[in-house]
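# Architecture at a glance
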Amino acid sequence: MKLDNMFKKTRLASGRKGYISISPSKPEVPEGLLRKCNKCGGAIITEEVKNNYYICPKCGGYFRVHAYRRVEMVADEGTFEEWDQGLATINPLEYKGYEEKLQTLREKTGLEEAVITGKACIDGTEVVLGVCDGRFLMASMGEVVGEKITRAVERATKEKLPVIIFACSGGARMQEGIVSLMQMAKTSAALKRHSDAGLLYISVLTDPTTGGVTASFAMLGDVILAEPKALIGFAGPRVIEQTIGQKLPKGFQRSEFLLEHGFLDGIVERPQLKETLSQILLLHEKADREAIEEAIEEAIEEAIRTSEDSEKTEVQSESAGSKEPGVHNRLAEAWDRVQLSRMNDRPVGSDYIRTLFTDFIEFHGDRCFADDKAIIGGVARFHSMPVTVIAQAKGTNTKENIERNFGMPSPDGYRKALRLMKQAEKYNRPVICLVDTPGAFCGLEAEERGQGEAIARNIYEMSGLKVPVLSIVIGEGGSGGALAMATADEVWMLENSIYSILSPEGFASILWKDSTRAREAASVMKLTASDLKHMGIVEKVFPEPSHYTVQNLKEVTYALENEMERFLIHYGRMSVEERLEHRYDRFRKM
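Residues numbered from 1 in each chain as written. Predicted model: local features only at pLDDT ≥ 70, side-chain atom pairs only at ≥ 80, totals over all residues. Heavy atoms only, no water.

When you go through the protein chain residue by residue, the secondary structure sums to 25 helices and 18 strands. The buried share among the 590 residues of the protein chain stands at 50%. Long-range pairs, those at least 24 residues apart, make up 71% of the contacts in the protein chain between residues at least 6 apart in sequence. Surface exposure of the protein chain reaches about 28600 Å², of which carbon and sulfur atoms provide 53%. (Helix = DSSP H or I, 4+ residues; strand = E, 2+ residues; numbered from the N terminus. Buried < 20%, exposed > 50% of the residue type's maximum accessible area, 1.4 Å probe, protein only. Contact = heavy atoms within 4.5 Å. Areas by Shrake-Rupley, 256 points an atom, 1.4 Å probe, with all protein chains shown as cover.)

The following block contains the structure:
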């Protein structure tokens, strides 16, 4: 009864039906202390959310972040210098009430417009920042938004600085009509000039990023990152449902959906974002090539001095032939090597990446259709030198093999690899490819998406890449699916890897109509490392332990590492013209 009376008094005190304030004059909870999570509905303490990167402590849902708070999250304290304040928004369509709406938003948000731009440092690296704020007309892109972003990119180009833009937008600004549409072209053109100058652009997509912003600067990053579960798309879900009359699947147009379909390099949790941006920036810095060469040469000399068996090191870097150690190395039949190249416990591409490189950041997607897990690629360091490393990836168990399609790439995988190679060319990074595939995937969907064209395009573009390219066959090198990642300055092989026109089973089936003659085919095909070295198809062969697994991987990578150092110095000293001529001559002689 007492509770009922209290409720009645409360309702009367509030003057609004259903609004409860137990003590209107002296609220028990200070105003603004509690908020309701719009995802889980739970009551949360405002200050706790602010201190937790604006993430709900109960459900992990992300709240939208004000522009200046975003700058505080990623920039070094006190380094942000804001640019282009005071730009006036005009009313090109003389849309009724637009100017009054803008003035109201300025007073409410403290913002002049829907984006702030300027210069800052992230862990000491100077960058140009652009941050959209959804409180201002859903961060829609009008003339001033487009102008501020364009000016920031132009200034970044002039000062040779990387650009990071945090997108959050409902799209083009309807109140400015065609003028708003033109900002898509203006911002994109400025980013093209920035890219042509060899500079880095990182786009970070937050919730929501839609419409004309998605169709312009948001999706043009060299690296495109997104926050978890962010809505990203051109047409909004409601528009799509109304247009096609169908209910959209759960998770449609969320960042996880875009990652799976090849349009993002990665999804980064907000607390890790500054560190991730810092790592990417450092890997794209213009390095002092001479200093790197000196460091690598010193490392080589040290390795030779401290080696307990320098003679063994020399033998390991020799080609397969009379100097190769081990009875199994001389007498094993070709078919035995085929079987060894396919062993379930043989090291795979990801094992070599972990062992040979540091600071590896994986980038995803072909920007067209999918992220093919049969290819792993990204940026790493090899003895302090930034490199692009790309591996055809098999799994280490049945589940992983199915996920990676047993190392058989689809067109999307080859297009992802090529995207990363062209990015390496832009930033003057050597490319190192690890080849291990029974062949390109030959399913219906692969043909529908242009498997032949994708392979041909890789071979075509790799022949003219302006940076050093090294390919190492670590397992199976099957047909054009392998060549699409082995059109290089040099191709190396491990002792029990194979490289051939197709599998022995396929060879026997086509020529002899009998796939059971695979063992015989293997001996005819000259697919072993020793055969291929003798024929001049590969430059180096590296011995393996008799039972080669992850446990003794370093016995092989030790020799690989020393030779890779020499490769990078040798080809790094060549001019672009010399490298391209050498690569052309290499294949011209075959």
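Don't stop here, the text continues.
Turning next to a nonpolar patch on the surface. A contiguous nonpolar patch, built from L33, L34 and I45 and spanning about 240 Å² of accessible area, is present on the exposed surface. By secondary structure assignment, the location of L34 is in strand 1 (residues 34-36). (Patch = residues over 30% accessible without salt bridge, like charges linked within 9 Å, V, L, I, M, F, W, Y side chains within 5 Å. Salt bridge = Lys/Arg side-chain N within 4 Å of Asp/Glu carboxyl O.)

Taken as a whole, the largest pocket spans an internal volume of roughly 590 Å³. The set of elements that each furnish at least two residues to the lining of the largest pocket consists of strand 5 (125-132), strand 6 (163-169), strand 7 (201-210) and helix 8 (237-244). Looking at the lining of the largest pocket, its residues break down into 15 nonpolar, five polar and 12 charged. In this model, the second largest pocket occupies a volume close to 490 Å³. Taken together, the elements giving at least two residues each to the lining of the second largest pocket come down to helix 6 (177-196), helix 17 (411-426) and helix 19 (451-462). Taken together, the residues that form the lining of the second largest pocket break down as nine nonpolar, six polar and 11 charged. (1 Å grid on protein atoms, 1.4 Å probe; cavity = no way out; pocket = protein on both sides within 12 Å on 5 of 7 lines; lining within 4 Å. Points joined across faces, edges and corners; volume = space filled by probe spheres on them. Nonpolar A, V, L, I, M, F, W, Y, C, P; charged D, E, K, R; others polar.)

Among the nonpolar cores identified, the biggest contains 103 residues, and I164, I202, F217 and L277 are the most heavily contacted of them. In terms of residue count, strand 6 provides more of this core than any other element does, six residues in total. Not counting residues within four places of it along the chain, the set of residues in contact with F217 comprises C132, M141, I149, I165, A167, T187, S188, L191, Y201 and S203. One finds F357, I376, A380 and A559 within the second-largest nonpolar core, a separate group that totals 30 residues. (Core = buried A, V, L, I, M, F, W, Y, C linked by side-chain atoms within 4.5 Å.)

According to the stated counting rule, one finds 42 salt bridges in the structure shown. A salt bridge links E176 to R173; the shortest N-O distance between them is 3.9 Å. Across the pair, R173 and E176 agree in class, each one buried. The salt bridge partner of R586 is E539, with a shortest N-O separation of 2.7 Å. Taken together, the residues R586 in helix 25 (residues 576-588) and E539 in the loop between helix 23 (529-535) and strand 18 (540-542) connect sequence positions 47 residues apart. On the accessibility criterion, E539 (25% relative accessible area) is partly exposed. Salt bridges sharing common partners tie together E81, K119, E126, R155 and E159.

Let us now look at the environment of Y352. The residue Y352 is located in helix 15 (residues 349-356) in this model. Under the relative-accessibility criterion, Y352 is labelled buried at 0%. Once the C-alpha coordinates of Y352 and V556 are considered, the two residues, 204 residues apart in sequence, prove to be 9.9 Å apart. Residues within four places of Y352 in sequence aside, it is in contact with P347, F357, L434, I474, L494, Y548, L553, T557 and L560. A polar side-chain atom of Y352 sits 2.7 Å from a polar atom in the side chain of Y548. (Polar contact = N/O pair within 3.5 Å; in protein donor to acceptor, adjacent residues only side chain to side chain.)

Extensive coverage of strand 4 (residues 115-122) is indicated by the burial of eight of its eight residues. Burial along strand 4 is two-sided: the residues V115, T117, K119 and C121 and I116, G118, A120 and I122 are all buried. Here three bridges tie strand 3 (residues 81-83) to strand 4, and the two strands are oriented antiparallel to one another. Opposite W83, over in strand 4, you have T117 as the bridge partner. Across eight bridges, the pairing between strand 4 and strand 5 is antiparallel. If you follow A120 over to strand 5, its bridge partner there is V127. Linking strand 4 to strand 5, which pair antiparallel, is a turn of two residues; within it D123 sits at a positive phi near 50°. (Pairing = 2+ DSSP bridges.)

Next up on the list: the environment of N401. Take N401: it is sitting in helix 16 (residues 398-403). The class for N401 is buried, based on a relative accessible area of 14%. The spatial distance from the C-alpha of N401 to the C-alpha of N344 is 9.9 Å, given a sequence separation of 57 residues. Apart from the residues lying within four places of it in its own chain, the contact partners of N401 are K394, G395 and F406. For N401, the side chain forms a polar contact with the main-chain nitrogen of G395, separated by 3.0 Å.

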